[in-house]
Amino acid sequence: MRSRSVSLRGVGRLLAIVLVGAGFLAPLYWMVTMSFKPQAEWNPIGQTIWFPHHPTLDNFRNILGLTSQNTVFFQANSTDASGPIVHSLIAATGGTLIALFIGVLAAYGIARFRAGGRMLPFQILQLRMFPPVAIIIPLLIMMSYLHLVDTYPGLWLVYGAVTFPFVVWLMRSFFQDLPREIGEAAIVDGCTQWGALFKAILPNVKGGLAATALFVFILNWSDFLIALVLTQQNVVTAPVFLNSLQSAGAGQEYGPQAALGLILILPPAILGLVIQRYLVRGLTFGAIKR
Amino acid sequence: MASVRTEALTKRFGSITALRDVSLEIADGEFFAVLGPPGAGKTTLLRTIIGLETPDGGDVFVDEERITETYPGDRDIAIMFQNLALYPDKTVYGNLAFPLKQARVPRREIRRRIEETAVKLHIERLLERKPAKLSGGERQRVALGRALVREPRAMLLDEPLSALDALLRLEMRSELKRLQRDLGRTLIYVTHDQVEAMTMPDRVAVLREGEVQQVGRPEEIYHRPSSHFVASVIGSPPMNLIPAVVESANGRLRVVHDQFVVEALAPVERLSAGGSCYIGIRPEDVHLSSGEGFAGRVYATEPLGGETVVDVTIGGRIIKLITAGASGLSQDAPVRVTFDASRLHLFDADGTTVLSSAGDGSLLRVKDAGRT
Amino acid sequence: MTAIRLERLTKDFRSVLAVDNLDLSISDGEFVALLGPSGCGKTTTMNMIAGMETPTRGQIYFDERAMSGVAPGKRNVGFVFQNYAIFTHMTVQENLSFGLRARKHAPRREEIDREVKRIAEIVGVASILDRKAGRLSVNDMQKVALGRSMIVQPAIFLLDEPFSNLDAAFRAYMRAELKHIQHDIGQTMIYVTHDQVEAMSMADRIAVMDQGVLQQYATPMEVYERPANTFVARFVGSNPINFLPASELPAHLLRKGGGDEPLTAAIRPEYLTIVAPDCDRAALRAKVNLVEPLGAKDVIHLAHDGQELRVVSRPQRRPALGEHVGIALDPARLLLFDDHGQAVS
């Protein structure tokens, strides 16, 4: 009796896992298969194509601008996304660096010297509680006064400002996990405050720093709204470009969109793999006795 | 090598006074211990000496040079933190090299000094390892090495042995003492362990709630404690304290407990008739006796191997005594005990020492209360 | 009040054998200490007795009743941990009565109050019954934790390093208290510790464990005076025992065993006496390395042929550093071990 009920419960649990898993993976499946489908299979009427009948790399070629021969008739825009991808990389990297620079220093000050008092970290986090859309118009006006609309510096500043609260919150906890005596040991050993931060403390929060950088980079990399409003033609980020992939003839360009989507997933995924070993916690083990 | 002096050091954290008028003089090359229970301000004292805390009052001198405002890194004092604070990302070699690199010591000299220090501490085989790959005892040595390698004017050690297991601690105790003797370096050693404070240093300061209670050689503190607080933090098991009443009879002082009377054979000041006081006696100075002595009952026996602690109830109070070997006594057995009158202490109601006989048998006499 | 028997008890965590074939009998009302270094299997053994770990093999009997399949809550076991698990928001009174009030058939109020008062007297918290537990000193918290487990009158009482967070003076005080209480109430107690002083001073019998294997199970004095092997000899004793090759001792001191020739000799530091180097009682000669005055006694470190020997003596005449002295020893106290480290009887 008992073993039966246990196995029944086991089957039920498995079923639930499969169902929920399928729900989550369905969009990904759609995107991966779609990216390999020729145009005829994108959205055939009255038919569902689960797997491409004639798999092709054309979508990727188009997106990366590797081919001029075009299967798409009546194409309004180019589907060459190589420019926007480079733009996105530049914009997201710049924004991430700014957020890290300000955020790490702020987090260190807060964690070690209680800079700004007890409430400052919460006030910084509060910045994230405004929906960005609420401030996007004033931001646009401000940027246009500064002649920063449609420029990299303009995007960098906004990306940096929007994401640095995350850096503060994440890095603050990493700094707090590190015994304060490590920094003090460095000071006693002859470092300046700055020297202690860079030579003794930052090397020991490498993992946290990498995780934070990745997290912030993904936020900036996937931004759509800010780039949509603050840029026009000099800087076109990939998400904005993705949205523009539609033509009068074909409607939504599902194939190229899926291919670009897949490409956009790659940088965060690759970065994640590269820094995986730093993401493992517990690097400070051995520094102090417990 | 240098002398270290603190002058009326005071440090407050909010409403808490961590240090109050701490004045200590540590001689060049001295091994000086600071003993006190947790929260006594020991760590704050070290941190103030090295400059990680700024005192609210008072000064720190090294070789009579005032360094109260000097940057910690410029004081030429090394510290070994209680949690060691090794740099986890660096190898043992990197840890030892770090202070030397900051001081811009030439690379070849760095190597020479690290090798020399490593040999002294028996860590020469560990130089390429990271702290995470070391045992507790090895980490301890590396942390000590990082302080030593700089050849500082003075070294501060914060409970350096507290994380080690008992056997290793014993070993490190004598090793550290020998090391200090060989190097002749000024050493300030903070501990809550009375055995460490008894065995290692030249002198001890006993700290309580930020105030210095007594400074002296370990045996001086053991045999002539200035208060019953000091008496209770040094010696294990701690000194027995027996409340009693002061009575003046025939012009001589008598301290009366329901079971026995302690008579002063010479005039004693600072105790007035009718007041309360405490009699203190260490467990090793209470003896089981077959004939004479005060009647009591065995409350518990604690065999320790070579000796046994016997807890005896006398007049409603438990008195601990130490006897060699196994006691052979069972709980509730009736026993008689005697006090070694040449080892008695009298404390006033505030706990300040009034008299320590400290081996002199002509000061006090103990009598049975029933027979006076 | 329950007798406990462990029969070939084994616990195999995937990579390590935590407890290996442990046989142990604990009589009703006995106070047994499980002593060993961290990782020796003592806590795993206790967890198996409590039912929180399932043995890989072997059986646990409470009064000859097999415990396999009996849930922890049904074993009637009382627990005191290192981190006094008390409810800080309740008063001492509420903490103590909690176990009784939580019962399905809770006793009547007066009965609870009477019981709380009785236990509070025993553990020494009668004067602070109305205080909030969170405001107590660490020492008092541990007393409350002790009382809270006692009040439900468990069949056996398991204590896992209950004193390790207390300060030294209070620990010394509590040792005598706990031993007295245990003797008074006649409760079967198993006390897990790595501190040999606690095991020696309180237990009726000590089970010394190392790497999952029982090394010796005997009374404290037996463990101290007649250790079964070199591990026990080294682990027990506040002042470490002295080891030296048997060949360095005069032949007449060595008892000839039946089989193996003794390889290692050992003697406790308090059974060595310092004598003049030319004294005919001197079995060894050595140089004084270090004198550690402990107040009540001195520890004298001696160097003998590259070996370090320690002598514990009453503080009398202190030899000078570097002085050459003779060492007399009591042949009856000499321990001999074979090449496997086992005692030669």
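Given the structure is predicted, the values throughout are model-derived calculations rather than measurements.

Peer 1: For the interface of chain B and chain C, give the residues involved together with the corresponding values.
Peer 2: Contact residues are listed per partner, giving 30 residues for chain B and 35 residues for chain C. Summing the contributions of chain B and of chain C, the shared interface buries around 2900 Å²; its carbon and sulfur component is 57%. Of all residues in chain B, Tyr299, Leu304 and Gln331 of chain B give up the largest surface area on contact with chain C, accounting jointly for 18% of the area buried on that side. At the boundary of chain B and chain C, one finds five salt bridges. We note a salt bridge from Glu219 of chain B to Arg318 of chain C, for which the minimum N-O separation is 2.7 Å. Viewed at the interface, chain C and chain B are joined by 15 residue pairs in polar contact (both at pLDDT 80 or more). Contributing elements (two or more residues each) for the side of chain B that touches chain C: α5 (166–183), α6 (194–199), α7 (218–223), β16 (294–303), β17 (307–314) and β18 (317–324) of chain B. In terms of residues, the side of chain B that touches chain C owes the most to one element, α5 of chain B, which gives seven residues. Residues of the side of chain B that touches chain C, tallied by class, amount to twelve nonpolar, eight polar and ten charged.

Peer 1: Can you break down the nonpolar core residue by residue, with the values?
Peer 2: Ranked by size, the top nonpolar core spans 69 residues in total, and within it Leu146, Leu178 and Leu302 of chain C carry the most contacts. For Leu146 of chain C, the contacting residues outside a window of four places in its chain are Val80, Val123, Phe157, Leu159, Met174 and Leu178 of chain C. One finds Ala186 of chain A together with Val22, Ile26 and Ile188 of chain B within the second-largest nonpolar core, a separate group that totals 58 residues.

Peer 1: If you had to explain the interface of chain B and chain A to someone new, which residues and values would you point to?
Peer 2: Accessible area lost upon the coming together of the parts serves often as the stated size of an interface. Listed per partner, the contact involves 32 residues of chain B and 25 residues of chain A. Together, the buried faces of chain B and chain A total about 2200 Å²; carbon and sulfur atoms form 57% of this surface. Counting across the chain B and chain A interface gives three salt bridges. With its nearest N and O atoms 4.0 Å apart, the salt bridge here joins Asp189 of chain A to Arg146 of chain B. Remark: the boundary between chain B and chain A carries twelve residue pairs in polar contact (both at pLDDT 80 or more). When residues of the side of chain B that touches chain A are traced back to their parent elements, those giving at least two are α1 (42–50), β6 (77–80), α2 (92–102) and α4 (136–148) of chain B.

Peer 1: Kindly report on the pattern of salt bridges, identifying the contributing residues and their values.
Peer 2: All names here are of chain B. Applying the stated criterion to the full structure yields 48 salt bridges over all chains. Of the charged contacts in the structure, one is a salt bridge between Arg113 and Glu151, with a shortest N-O distance of 3.6 Å. Remark: Glu151 occurs in the loop between α4 and β7 (154–158) and Arg113 occurs in helix α3 (residues 107–121); sequence separation between them is 38 residues. Here Arg113 falls in the buried class, since its relative accessible area comes to 11%. A residue is classified by how much of its surface remains accessible, and Glu151, at 39% relative accessible area, is partly exposed.

Peer 1: Give a detailed account of the sheet that holds strand β3 (residues 31–35) of chain C, specifying residues and quantitative values.
Peer 2: Residue and element names in this part refer to chain C. Overall, mixed pairing links the six strands, which are arranged β6-β7-β8-β3-β9-β10 in an open sheet. Because the sheet does not close on itself, it has two edges, and the strands there are β6 (77–80) and β10 (213–218). Neighbour to neighbour, the strand axes of the sheet diverge by 20 degrees on average, direction disregarded. Inspection of the sheet shows β3 paired to strand β9 (residues 205–210) by four bridges, in the parallel sense. Each bridged residue has a counterpart across the sheet, and for Ala33 the counterpart in β9 is Ile206. Along the sheet face, helix α1 (residues 42–50) touches β3, β6, β7 (156–160), β8 (188–193) and β9 and points at about 150 degrees away from the line of β7.

Peer 1: Outline the packing of helix α6 (residues 152–177) of chain A against helix α9 (residues 206–221) of chain A, listing residues and values.
Peer 2: Residue and element names in this part refer to chain A. The contact between α6 and α9 brings their axes to 10 Å, and the two run at 155 degrees. Accordingly, the angle class assigned to the pair α6 and α9 is roughly antiparallel. Classified by chirality, the crossing of α9 by α6 is right-handed. Judged by residue contacts, Tyr159, Thr163, Phe166, Val167, Leu170, Met171 and Phe174 of α6 engage Gly208, Leu209, Thr212, Phe215, Val216, Leu219 and Asn220 from α9. Looking at the contact of α6 with α9, its residues break down into ten nonpolar, four polar and no charged.

Peer 1: How would you summarise the domain arrangement of chain B if you had to cite specific residues and measurements?
Peer 2: All names here are of chain B. Taken domain by domain, chain B comprises domain 1 (4–225) and domain 2 (233–371). The distance between the C-alpha centroids of domain 1 and domain 2 comes to 38 Å. For the pairing of domain 1 and domain 2, the buried interface totals around 1000 Å² over both sides, and the portion due to carbon and sulfur atoms is 61%. Of all residues in domain 1, Gln194, Tyr222 and Pro225 bury the most surface against domain 2, accounting for 53% of the area lost on that side. Applying the counting rule to domain 1 against domain 2 returns zero salt bridges. Taken together, the links from domain 1 to domain 2 amount to five residue pairs in polar contact (both at pLDDT 80 or more). Those elements that place two or more of their residues in the side of domain 1 that touches domain 2 are α6 and α7. Among the elements that line the side of domain 1 that touches domain 2, the one with the most residues is α7, at three residues. In terms of residue class, the side of domain 1 that touches domain 2 is built from seven nonpolar, two polar and one charged.

Peer 1: Got a sec to walk through unusual backbone geometry? Specific residues and values, please.
Peer 2: What you tend to see is this: most non-glycine residues have negative phi, and most peptide bonds are trans. Here the bond from Ser236 of chain B into Pro237 of chain B is cis, since omega is -10 degrees, no more than 30 degrees from zero. Locating Pro237 of chain B in the fold gives a position in the loop between α8 (228–233) and β11 (240–249). At Ala8 of chain B, a residue that is not glycine, the phi angle is positive and equals roughly 50 degrees. Along the chain, the position of Ala8 of chain B falls in strand β1 (residues 4–13). Its relative accessible area of 28% is what places Ala8 of chain B among the partly exposed residues. The backbone phi angle of Glu161 of chain C is positive, close to 45 degrees, even though this residue is not glycine. Relative to the helices and strands, Glu161 of chain C is located in the loop between β7 and α5 (168–185).

Peer 1: Give me the lowdown on empty space enclosed by the protein, citing residues and values where you can.
Peer 2: It is a probe the size of a water molecule, rolled over the atoms, that shows where empty space is left. For the structure shown, the criterion picks out two cavities of 30 Å³ or more. In this structure, the largest cavity is lined by Leu144, Leu148, Met155, Leu157, Leu176, Leu179, Gln180, Leu183, Arg185 and Leu187 of chain B. For the lining of the largest cavity, the secondary structure elements donating two or more residues are α4, β7 and α5 of chain B. Top element by residues in the lining of the largest cavity is α5 of chain B. It accounts for four residues. As for the second largest cavity, its lining consists of Ala185, Val188 and Asp189 of chain A together with Ala78, Ile79, Phe81, Arg146, Ala147 and Arg150 of chain B. Of all elements in the fold, only α7 (180–188) of chain A together with β6 and α4 of chain B reach the threshold of two or more residues within the lining of the second largest cavity. Considering only residue class, the lining of the second largest cavity consists of six nonpolar, no polar and three charged.

Peer 1: Residue-level account of the confidence of the model for chain A, with values.
Peer 2: Across chain A, pLDDT averages 84, with 88% of residues at or above 70. Residue range residues 282–290 of chain A is modelled with pLDDT below 50. Its contacts to residues more than four positions away, or to other chains, number 30 contacts.

Peer 1: Give a detailed account of the packing of aromatic side chains, specifying residues and quantitative values.
Peer 2: Residues and elements named next belong to chain A. Under the counting rule described, the total for this entry stands at 21 aromatic pairs over all chains. Judged by centre distance (6.5 Å) and plane angle (40 degrees), the ring pair of Tyr29 and Trp50 falls under tilted. Of the two residues, Tyr29 is situated in helix α1 (residues 2–35) and Trp50 in the loop between α1 and α2 (58–63); the sequence distance between them amounts to 21 residues. Here Tyr108 and Phe175 contribute two aromatic rings whose centre-to-centre distance is 5.3 Å and whose plane-to-plane angle is 70 degrees, an arrangement assigned as edge-to-face. Separated by 67 residues along the polypeptide, Tyr108 in helix α3 (residues 82–113) and Phe175 in helix α6 bring together distant segments of the chain. Neither Tyr108 nor Phe175 differs from the other in exposure class; each is buried. A network of ring pairs unites the aromatic residues Tyr108, Phe113 and Phe175 as a single cluster. Sitting over the ring of Trp169, Arg172 keeps its end group 4.7 Å from the ring centre.

Definitions and limits used
Residues numbered from 1 in each chain as written. Chains lettered and ligands numbered in written order. Predicted model: local features only at pLDDT ≥ 70, side-chain atom pairs only at ≥ 80, totals over all residues. Heavy atoms only, no water. Contact = heavy atoms within 4.5 Å. Buried area = accessible area lost by both parts, 1.4 Å probe. Salt bridge = Lys/Arg side-chain N within 4 Å of Asp/Glu carboxyl O. Polar contact = N/O pair within 3.5 Å; in protein donor to acceptor, adjacent residues only side chain to side chain. Helix = DSSP H or I, 4+ residues; strand = E, 2+ residues; numbered from the N terminus. Nonpolar A, V, L, I, M, F, W, Y, C, P; charged D, E, K, R; others polar. Core = buried A, V, L, I, M, F, W, Y, C linked by side-chain atoms within 4.5 Å. Buried < 20%, exposed > 50% of the residue type's maximum accessible area, 1.4 Å probe, protein only. Pairing = 2+ DSSP bridges. Axes fitted to C-alpha atoms, helices over the stretch in contact; angles between N-to-C directions. Parallel < 35°, antiparallel > 145°, perpendicular 65-115°, else oblique. Left-handed = near helix turned anticlockwise from the far one by under 90°. Domains from an automatic or database assignment. 1 Å grid on protein atoms, 1.4 Å probe; cavity = no way out; pocket = protein on both sides within 12 Å on 5 of 7 lines; lining within 4 Å. Points joined across faces, edges and corners; volume = space filled by probe spheres on them. pLDDT = per-residue confidence, 0-100. Phe/Tyr/Trp six-rings, centres within 6.5 Å; stacked < 30°, edge-to-face > 60°. Lys NZ or Arg CZ within 6 Å of the ring centre and 35° of its normal.

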